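Residue-level listing of the chains:
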Amino acid sequence: MKPAPFAYTRAKTLKEAVTLLAKHKDNARLLAGGQSLIATLNMRLSAPDLLIDINGIKNLNGIAKKGKHVEIGTLARHTQVERSDVIAKHAPLIALAMPHIGHPAIRNRGTFGGSIAFADPAAELPACLLALGGEIDIEGPSGKRKVKVDAFFKGLFETALRPQEMITAVRVPAADKATRVGFAELARRHGDYAIVGLAASARADGKGHLADVRLAYFGVGDTPFRAKKAEVALAGGDVDAAVKALDLDPHDDVQATAKTKKHLASVLLRRVAKQLMEPQG
Ligand SMILES: Cc1cc2nc3c(=O)[nH]c(=O)nc-3n(C[C@H](O)[C@H](O)[C@H](O)COP(=O)(O)OP(=O)(O)OC[C@H]3O[C@@H](n4cnc5c(N)ncnc54)[C@H](O)[C@@H]3O)c2cc1C
């Protein structure tokens, strides 16, 4: 299929993009990497009057450690994140997840902020952000605001972003010596969206146990989902109890039944628990 006709403009500044969004209300869409947007246009799931290309806006693709956080500009391409020394050293969970996102051609164009804004429930990066307790920088007609990840993903492809706002950057706590991370997903073929995936972070408490465990599943519901009862059990060191406490309620989808997804989720929990419990350097 071909998309419905639309006008195209290239914003040169953040202010210009946000002003255009406000002027065209719900009839405009931002174009970042285009790896999800163009597919939705081609399938006529979306038919905006105007595409606002944000790729020409300067200073939106930086990746840097700032104090105790790592900041990733919205236009950082997946490939750039995948190859970043800052990410490898200070955000190892994101480094583990990157090779699972699509294929190199998709990662060359797709952007970090685009993935977070699109909020596909089977996508890796929203779950990583949830596991790390990150926050999202947003700019709109009334200025800047920050939203904590726990309040950002609202429903199926639905976020706390208002129609006239855009993401400018995402921030996650920088890893330190006590940080433990784990990641695993099951997909039909490498590069496909996951049937079920799990991104996790925790802190080694120095006494052989884990603290601040965050288990963020993807592919099991309308949004990335924290299995909070399992987090408590895993912090107590009991993997069997954590598996038993898994409070997931997935739906059947085109990839698998709910029953299969629940089984796969428990398999992933065992794999990721092992990663979290091993010393990481
Ligand atoms: C074949 C294929 C396989 C893929 N496999 C995977 C996969 O396994 N895992 C995965 O996670 N992803 C996968 N993707 C999607 C890919 O990661 C996309 O790059 C990503 O989801 C969207 O990023 P984008 O920059 O391309 O955004 P776009 O497609 O340009 O935009 C997506 C949506 O986000 C909005 N948007 C973009 N930037 C902003 C912003 N700064 N502020 C507010 N709204 C914004 C757009 O308006 C649009 O609604 C796949 C894509 C394809 C085509």
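Residues numbered from 1 in each chain as written. Predicted model: local features only at pLDDT ≥ 70, side-chain atom pairs only at ≥ 80, totals over all residues. Heavy atoms only, no water.

A. Focus on the domain arrangement of the chain. Domain annotation for the chain reports domain 1 (7-53), domain 2 (63-173) and domain 3 (179-277). Spacing between the C-alpha centres of domain 1 and domain 3 amounts to 35 Å. (Domains from an automatic or database assignment.)

B. Molecular detail of the pattern of salt bridges. Scanning the model with the defined rule gives 19 salt bridges in all. We note a salt bridge from E82 to R107, for which the minimum N-O separation is 3.0 Å. Of the two residues, E82 sits in helix 3 (residues 78-82) while R107 sits in helix 6 (residues 104-109), which places them 25 residues apart along the sequence. R107 sits in the buried class, given a relative accessible area of 8%. Put simply, D137 and R171 hold a salt bridge, and the shortest N to O gap is 2.5 Å. Linking D137 in strand 6 (residues 135-140) with R171 in strand 10 (residues 166-173), this pair joins segments that are 34 residues apart in sequence. (Salt bridge = Lys/Arg side-chain N within 4 Å of Asp/Glu carboxyl O. Helix = DSSP H or I, 4+ residues; strand = E, 2+ residues; numbered from the N terminus. Buried < 20%, exposed > 50% of the residue type's maximum accessible area, 1.4 Å probe, protein only.)

C. Quick peek at the sheet that holds strand 5 (residues 69-73). Here five strands make up an open sheet; going across it, the order is 4-5-10-6-7 and the pairing antiparallel. Each having just a single partner strand, strand 4 (63-66) and strand 7 (143-148) make up the two edges of the open sheet. For this sheet the average axis-to-axis angle between neighbouring strands, irrespective of direction, equals 25°. Pairing geometry for strand 6 and strand 7, over six bridges, is antiparallel. Note on strand 7: the bridge partner recorded for E139 is K144. Contacting strand 6 and strand 10, helix 8 (residues 124-132) runs over the sheet at an angle of about 50° to strand 10. (Pairing = 2+ DSSP bridges. Axes fitted to C-alpha atoms, helices over the stretch in contact; angles between N-to-C directions. Contact = heavy atoms within 4.5 Å.)

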